[in-house]
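Fold and geometry: a report
Here are the chains, one letter per residue:
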Amino acid sequence: MLEHCQQIFRHAEGFYLYLSDIHRDDREIARIWGLLAIDKCNHSDAFKMALRLKGEGISGITVSAEKSTYILGKMKAIPTGNRTNLPSVVDALRFALSMEDRLNSVHFRHAVRFSSEQDRDLMTLSLKSSEDIIQIMTEEYINLTMFE
């Protein structure tokens, strides 16, 4: 499961890098995608670290293999190589908000139970909550769609 989650967040990082590239002319939007890519890279690295530690500091896994497999399959199916039929900013924001909701269920802090608070703090040190970025993304989406 940890490996699946690591791959899920690696795919999410790639997706946000793709969005940052195709929307590079809109600096604010590209910045949001870039921040999310960094956040997903950090999450992927946290799962990779947990794999390397072979369970040290972890008392349990709360996400089922079926759920992680399902989400990984969904992440792999996201098209990121299509350069002819690009998603609009609004469509990308709508999709990203939905994707973030799914990713939250396999977030490192939700997927892993730690042996102690110290272990939790150590293993999540590099993770900054993406809540602020998601708030900015939500506000941007609302601003763009308010008068549609």
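Refer to the structure above for everything that follows.
Notes on the structure follow. (Residues numbered from 1 in each chain as written. Predicted model: local features only at pLDDT ≥ 70, side-chain atom pairs only at ≥ 80, totals over all residues. Heavy atoms only, no water.)

**Some words on the nonpolar core**
- Residues Tyr16 and Trp33 are the most contacted members of the largest nonpolar core, which totals 40 residues.
- When contributions to this core are tallied by element, the ones reaching two or more residues are helix 1 (2-22), helix 2 (27-52), helix 3 (65-76), helix 4 (89-104), helix 5 (108-111), strand 2 (112-114) and helix 7 (131-145).
- At 10 residues, the largest contribution of residues to this core is made by helix 1.
- When neighbours within four sequence positions are excluded, tryptophan 33 is seen to be in contact with Tyr16, Leu19, Ser20, His23, Ala92, Leu93, Ala96 and Met137. (Core = buried A, V, L, I, M, F, W, Y, C linked by side-chain atoms within 4.5 Å. Buried < 20%, exposed > 50% of the residue type's maximum accessible area, 1.4 Å probe, protein only. Helix = DSSP H or I, 4+ residues; strand = E, 2+ residues; numbered from the N terminus. Contact = heavy atoms within 4.5 Å.)

**Things to note about the pattern of salt bridges**
- What the rule picks out here adds up to 7 salt bridges.
- We note a salt bridge from arginine 94 to aspartate 91, for which the minimum N-O separation is 2.8 Å. Of this pair, arginine 94 and aspartate 91 both sit in helix 4, separated by 3 residues, roughly a single helical turn.
- By relative accessible area, aspartate 91 is classed as partly exposed at 39%.
- Overlapping salt bridges, with partners in common, bring together Arg10, Glu13 and Asp45 in one network. (Salt bridge = Lys/Arg side-chain N within 4 Å of Asp/Glu carboxyl O.)

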